[in-house]
Amino acid sequence: MKFFIDTANLEQIKEAQELGVLDGVTTNPSLMAKEGITGKDNILKHYVDICNIVDGDVSAEVVATDFDNMVKEGEELAELHEQIVVKVPMIKDGVKALKYFSDKGIRTNCTLVFSPGQALLAAKAGATYVSPFLGRLDDISTDGLNLISEIRLIYDNYGFETQILAASIRHTMHVIDCAKIGADVMTGPLSSIDGLLKHPLTDIGLAKFLEDYKKGNS
(Lines give C-alpha, C1' and ligand atoms only; values in the text may rest on other atoms or scores of the structure.)
Protein backbone atom coordinates (compact mmCIF):
# COMPACT_ATOMS: atom_id res chain seq x y z
CA MET A 1 0.00 0.00 0.00
CA LYS A 2 1.31 3.43 -0.95
CA PHE A 3 1.08 6.29 1.55
CA PHE A 4 0.31 9.75 0.17
CA ILE A 5 -0.14 12.85 2.32
CA ASP A 6 -3.06 15.12 1.50
CA THR A 7 -1.76 18.62 2.09
CA ALA A 8 0.01 21.60 0.56
CA ASN A 9 1.90 22.33 3.79
CA LEU A 10 5.60 21.96 3.03
CA GLU A 11 6.63 21.35 6.65
CA GLN A 12 4.15 18.49 7.03
CA ILE A 13 5.31 17.02 3.72
CA LYS A 14 8.92 17.21 4.89
CA GLU A 15 8.02 15.54 8.20
CA ALA A 16 6.24 12.68 6.41
CA GLN A 17 9.12 12.32 3.96
CA GLU A 18 11.66 12.14 6.80
CA LEU A 19 9.67 9.29 8.36
CA GLY A 20 10.70 7.24 5.35
CA VAL A 21 7.31 5.86 4.34
CA LEU A 22 5.92 8.58 2.08
CA ASP A 23 5.15 7.64 -1.52
CA GLY A 24 3.54 10.83 -2.80
CA VAL A 25 1.38 13.90 -2.24
CA THR A 26 -2.13 14.93 -3.21
CA THR A 27 -3.26 18.53 -3.30
CA ASN A 28 -6.33 20.46 -4.40
CA PRO A 29 -7.34 24.12 -4.72
CA SER A 30 -8.79 24.13 -1.18
CA LEU A 31 -5.54 22.87 0.33
CA MET A 32 -3.57 25.47 -1.61
CA ALA A 33 -5.87 28.22 -0.37
CA LYS A 34 -5.52 26.94 3.21
CA GLU A 35 -1.77 27.54 2.98
CA GLY A 36 -2.28 31.00 1.46
CA ILE A 37 -0.95 29.94 -1.96
CA THR A 38 -2.76 32.11 -4.49
CA GLY A 39 -2.09 33.31 -8.02
CA LYS A 40 -1.17 31.00 -10.89
CA ASP A 41 2.60 31.54 -10.75
CA ASN A 42 2.73 30.96 -7.00
CA ILE A 43 0.61 27.82 -7.28
CA LEU A 44 2.78 26.36 -10.06
CA LYS A 45 5.95 27.15 -8.10
CA HIS A 46 4.48 25.47 -5.03
CA TYR A 47 3.87 22.26 -6.99
CA VAL A 48 7.53 22.24 -8.00
CA ASP A 49 8.58 22.89 -4.40
CA ILE A 50 6.58 19.84 -3.32
CA CYS A 51 8.15 17.72 -6.07
CA ASN A 52 11.58 18.72 -4.81
CA ILE A 53 10.77 17.37 -1.34
CA VAL A 54 9.24 13.98 -2.20
CA ASP A 55 10.36 11.16 -4.46
CA GLY A 56 6.91 10.03 -5.60
CA ASP A 57 3.86 11.27 -7.47
CA VAL A 58 2.38 14.71 -6.79
CA SER A 59 -1.24 15.28 -7.84
CA ALA A 60 -1.92 18.76 -9.20
CA GLU A 61 -5.54 19.62 -9.96
CA VAL A 62 -6.98 21.46 -12.94
CA VAL A 63 -9.58 24.09 -12.13
CA ALA A 64 -11.23 24.21 -15.57
CA THR A 65 -14.44 22.26 -16.11
CA ASP A 66 -14.50 22.16 -19.92
CA PHE A 67 -12.46 19.79 -22.07
CA ASP A 68 -10.32 22.30 -23.95
CA ASN A 69 -9.21 24.20 -20.88
CA MET A 70 -8.70 21.04 -18.83
CA VAL A 71 -6.35 19.80 -21.55
CA LYS A 72 -4.54 23.16 -21.65
CA GLU A 73 -4.12 23.30 -17.88
CA GLY A 74 -3.22 19.62 -17.60
CA GLU A 75 -0.51 19.80 -20.21
CA GLU A 76 0.97 22.84 -18.49
CA LEU A 77 0.95 21.06 -15.14
CA ALA A 78 2.51 17.91 -16.59
CA GLU A 79 5.38 19.96 -18.02
CA LEU A 80 6.25 21.36 -14.58
CA HIS A 81 7.92 18.20 -13.32
CA GLU A 82 8.08 14.50 -14.17
CA GLN A 83 6.45 13.63 -10.84
CA ILE A 84 3.27 15.59 -11.56
CA VAL A 85 0.03 13.63 -11.95
CA VAL A 86 -2.82 15.68 -13.43
CA LYS A 87 -5.90 15.63 -11.21
CA VAL A 88 -9.17 15.71 -13.17
CA PRO A 89 -12.75 15.86 -11.81
CA MET A 90 -15.25 13.09 -12.52
CA ILE A 91 -17.48 14.95 -14.97
CA LYS A 92 -18.25 14.23 -18.63
CA ASP A 93 -15.54 16.51 -20.00
CA GLY A 94 -13.24 15.17 -17.30
CA VAL A 95 -13.65 11.63 -18.64
CA LYS A 96 -12.85 12.92 -22.14
CA ALA A 97 -9.76 14.64 -20.74
CA LEU A 98 -8.68 11.44 -18.95
CA LYS A 99 -8.78 9.59 -22.26
CA TYR A 100 -6.88 12.38 -24.01
CA PHE A 101 -4.15 12.45 -21.35
CA SER A 102 -3.93 8.66 -21.30
CA ASP A 103 -3.38 8.57 -25.05
CA LYS A 104 -0.66 11.22 -24.65
CA GLY A 105 1.12 9.32 -21.89
CA ILE A 106 0.23 11.91 -19.23
CA ARG A 107 -0.61 10.32 -15.87
CA THR A 108 -3.88 11.26 -14.21
CA ASN A 109 -5.82 11.10 -10.96
CA CYS A 110 -9.61 11.11 -11.34
CA THR A 111 -10.99 12.93 -8.31
CA LEU A 112 -14.40 13.39 -6.65
CA VAL A 113 -15.45 9.78 -7.24
CA PHE A 114 -18.44 8.63 -5.17
CA SER A 115 -19.82 5.59 -7.01
CA PRO A 116 -18.60 2.35 -8.59
CA GLY A 117 -19.96 3.53 -11.95
CA GLN A 118 -17.80 6.63 -11.86
CA ALA A 119 -14.76 4.51 -10.97
CA LEU A 120 -15.51 2.19 -13.88
CA LEU A 121 -15.65 5.12 -16.29
CA ALA A 122 -12.35 6.47 -14.98
CA ALA A 123 -10.64 3.12 -15.49
CA LYS A 124 -12.10 2.73 -18.97
CA ALA A 125 -10.72 6.18 -19.84
CA GLY A 126 -7.26 5.13 -18.69
CA ALA A 127 -6.88 7.00 -15.40
CA THR A 128 -3.68 6.21 -13.51
CA TYR A 129 -5.42 6.71 -10.17
CA VAL A 130 -9.06 6.92 -9.12
CA SER A 131 -9.88 8.78 -5.91
CA PRO A 132 -13.03 7.62 -4.09
CA PHE A 133 -13.78 10.03 -1.23
CA LEU A 134 -14.71 7.68 1.59
CA GLY A 135 -14.66 10.26 4.39
CA ARG A 136 -17.17 12.50 2.65
CA LEU A 137 -19.47 9.52 2.16
CA ASP A 138 -19.17 8.66 5.84
CA ASP A 139 -20.16 12.25 6.60
CA ILE A 140 -23.57 11.68 5.01
CA SER A 141 -24.14 8.30 6.70
CA THR A 142 -23.05 6.27 3.67
CA ASP A 143 -20.50 3.45 3.91
CA GLY A 144 -17.40 4.82 2.22
CA LEU A 145 -15.44 1.61 2.78
CA ASN A 146 -18.05 -0.36 0.88
CA LEU A 147 -17.36 1.83 -2.14
CA ILE A 148 -13.67 0.92 -1.96
CA SER A 149 -14.64 -2.78 -1.81
CA GLU A 150 -16.93 -2.50 -4.83
CA ILE A 151 -14.29 -0.72 -6.91
CA ARG A 152 -11.69 -3.33 -5.91
CA LEU A 153 -14.01 -6.12 -7.06
CA ILE A 154 -14.77 -4.46 -10.39
CA TYR A 155 -11.14 -3.67 -11.14
CA ASP A 156 -10.04 -7.19 -10.24
CA ASN A 157 -12.80 -8.71 -12.38
CA TYR A 158 -11.48 -7.02 -15.50
CA GLY A 159 -7.81 -6.52 -14.75
CA PHE A 160 -7.91 -2.71 -14.80
CA GLU A 161 -4.52 -1.20 -13.99
CA THR A 162 -6.01 2.00 -12.52
CA GLN A 163 -4.89 2.28 -8.90
CA ILE A 164 -7.49 2.83 -6.18
CA LEU A 165 -6.42 5.90 -4.21
CA ALA A 166 -8.56 6.02 -1.07
CA ALA A 167 -9.10 9.72 -0.46
CA SER A 168 -10.75 11.82 2.23
CA ILE A 169 -9.09 9.62 4.86
CA ARG A 170 -9.97 11.06 8.25
CA HIS A 171 -8.21 8.84 10.78
CA THR A 172 -5.93 5.87 11.33
CA MET A 173 -8.67 3.21 11.23
CA HIS A 174 -9.59 4.39 7.74
CA VAL A 175 -6.01 3.55 6.75
CA ILE A 176 -6.17 0.07 8.31
CA ASP A 177 -9.57 -0.71 6.81
CA CYS A 178 -8.50 0.42 3.35
CA ALA A 179 -5.39 -1.75 3.62
CA LYS A 180 -7.58 -4.76 4.50
CA ILE A 181 -9.85 -4.13 1.52
CA GLY A 182 -6.96 -3.76 -0.90
CA ALA A 183 -6.80 -0.06 -1.76
CA ASP A 184 -3.57 0.54 -3.68
CA VAL A 185 -2.97 3.95 -2.13
CA MET A 186 -4.29 6.00 0.76
CA THR A 187 -4.05 9.75 1.05
CA GLY A 188 -4.77 11.55 4.28
CA PRO A 189 -3.48 14.06 6.80
CA LEU A 190 -0.17 13.57 8.58
CA SER A 191 -2.12 12.61 11.72
CA SER A 192 -3.52 9.51 10.00
CA ILE A 193 0.03 8.29 9.32
CA ASP A 194 1.44 9.27 12.72
CA GLY A 195 -1.50 7.51 14.36
CA LEU A 196 -0.24 4.16 13.07
CA LEU A 197 2.76 4.51 15.40
CA LYS A 198 0.72 4.67 18.55
CA HIS A 199 -0.16 1.86 20.94
CA PRO A 200 -0.22 2.12 24.75
CA LEU A 201 1.47 -1.27 25.17
CA THR A 202 4.42 -0.05 23.10
CA ASP A 203 4.81 2.94 25.44
CA ILE A 204 4.44 0.77 28.55
CA GLY A 205 6.86 -1.84 27.24
CA LEU A 206 9.51 0.71 26.28
CA ALA A 207 9.24 2.46 29.63
CA LYS A 208 9.70 -0.89 31.40
CA PHE A 209 12.73 -1.84 29.26
CA LEU A 210 14.39 1.49 30.00
CA GLU A 211 13.56 1.28 33.71
CA ASP A 212 15.11 -2.21 33.97
CA TYR A 213 18.17 -1.10 32.01
CA LYS A 214 18.78 1.79 34.41
CA LYS A 215 18.50 -0.53 37.42
CA GLY A 216 21.33 -2.71 36.16
CA ASN A 217 23.49 -0.01 34.61
CA SER A 218 23.29 2.95 36.97
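Fair warning: this is a prediction, and the values are worked out from it, not measured in the lab.

Trainee: Even after reading the chapter, I still don't get the state of the cysteines, so can you show me in this structure?
Mentor: A covalent bond bridging the sulfur atoms of two cysteines is what the word disulfide describes. Applying the stated criterion across every chain, the model contains zero disulfides. With no disulfide of its own, C110 lies 17 Å from the sulfur of C178, the closest cysteine sulfur.

Trainee: Would you take a moment to explain the environment of D23 for this structure?
Mentor: Residue placement: D23 occurs in the loop between helix 1 (10-19) and strand 2 (24-26). On the basis of relative accessibility, which here comes to 32%, the residue D23 falls in the partly exposed class. For the pair D23 and R107, spaced 84 residues apart in sequence, the C-alpha to C-alpha distance is 16 Å. What D23 contacts, discounting residues up to four positions off in sequence, is M1, K2, F3, F4, G56 and D57.

Trainee: Quick question: what am I supposed to make of the UniProt feature "active site" (unreviewed entry) in the protein here?
Mentor: The feature "active site" (unreviewed entry), as annotated in UniProt, sits at K87 in this numbering. A distance of 2.9 Å separates a polar side-chain atom of K87 from the backbone oxygen of T27.

Parameters at a glance
- Residues numbered from 1 in each chain as written.
- Predicted model: local features only at pLDDT ≥ 70, side-chain atom pairs only at ≥ 80, totals over all residues.
- Heavy atoms only, no water.
- Disulfide = S-S within 2.5 Å.
- Helix = DSSP H or I, 4+ residues; strand = E, 2+ residues; numbered from the N terminus.
- Buried < 20%, exposed > 50% of the residue type's maximum accessible area, 1.4 Å probe, protein only.
- Contact = heavy atoms within 4.5 Å.
- UniProt positions renumbered as here; feature names shortened; annotations may be inferred.
- Polar contact = N/O pair within 3.5 Å; in protein donor to acceptor, adjacent residues only side chain to side chain.

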